[in-house]
Amino acid sequence: MSGVAIVPTTFPPTPPEQLQRLMDRGIPLVFCHRPVEDVSAPLVTWSGESVGRLTAEALLSKGHKRFASIVAFRDPKMSEVIRGIQDTLVDAGLDISAFTIRYHGAGTLLKEMMSGERPLGGSQRIEIPVSVLDGETMCLPRAQ
């Protein structure tokens, strides 16, 4: 084996001792997306804040003034994304209350949306996810 590129799990966290076994055998390790605490290895990632800004800018450019983010887990990367969205709303002169955050498994949310339930409240059903940020996170337009 030449090396391992891994996207560590967050819930439950990737056990550092498993990765240490690879490194003890001389197998190079590279983290993708997020690191593992107490394990030193190169990290290839992206700026969550930039992704949040780009997402908010795309929604605002389509005329949306209120939207919501459905986040499966509270983790540092998603906190950066949320900060980028909030900062962009403030820069656009909008009130932060224009942005709703719900921590809810994306798969469960999609089932609720398809059944006609209104997981974000409001008088209108959400029809189409606009931006899928990763496998478990979506940013959606919200009913006006």
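Anything mentioned here points back to the structure above.
Residues numbered from 1 in each chain as written. Predicted model: local features only at pLDDT ≥ 70, side-chain atom pairs only at ≥ 80, totals over all residues. Heavy atoms only, no water.

**Quick look at the packing of aromatic side chains**
Phase 1: Using the criterion set out here, one finds zero aromatic pairs in the structure.
Phase 2: Sitting over the ring of Trp46, Lys77 keeps its end group 4.9 Å from the ring centre. (Phe/Tyr/Trp six-rings, centres within 6.5 Å; stacked < 30°, edge-to-face > 60°. Lys NZ or Arg CZ within 6 Å of the ring centre and 35° of its normal.)

**Overview of helix α2 (residues 48-61)**
Working note: α-helix, 3.6 residues per turn, so residues spaced by three or four point in the same direction.
Phase 1: The end-to-end C-alpha distance of α2, which contains 14 residues, comes to 20 Å, matching closely the 20 Å that a straight helix rising 1.5 Å per residue would cover.
Phase 2: What α2 keeps buried is the set Gly48, Gly52, Thr55, Ala56, Leu59 and Leu60. The buried side chains of α2 occupy one side of the element, clustering within an arc of 130° when seen end-on. Summarising the geometry of α2, the exposed residues directed more than 90 degrees from the buried face are Leu54 and Ser61.
Phase 3: Directly beyond the C-terminal end of α2, a positive phi value near 90° is found at Gly63. (Helix = DSSP H or I, 4+ residues; strand = E, 2+ residues; numbered from the N terminus. Expected span 1.5 Å × (residues − 1). Buried < 20%, exposed > 50% of the residue type's maximum accessible area, 1.4 Å probe, protein only. Arc of directions from axis to C-beta.)

**So, the nonpolar core**
Phase 1: Within the largest apolar cluster, 11 residues are counted, these being Ala56, Leu59, Leu60, Phe67, Val71, Met78, Val81, Ile82, Ile85, Leu89 and Phe99.
Phase 2: Those elements that place two or more of their residues in this core are α2, β4 (67-71) and α3 (76-91).
Phase 3: No other element matches α3, which puts five residues into this core.
Phase 4: Judged by nonpolar contacts, the second largest core, of seven residues, contains Val4, Leu19, Leu29 and Val39. (Core = buried A, V, L, I, M, F, W, Y, C linked by side-chain atoms within 4.5 Å.)

Don't take any of this as a statement about function, it's just geometry.
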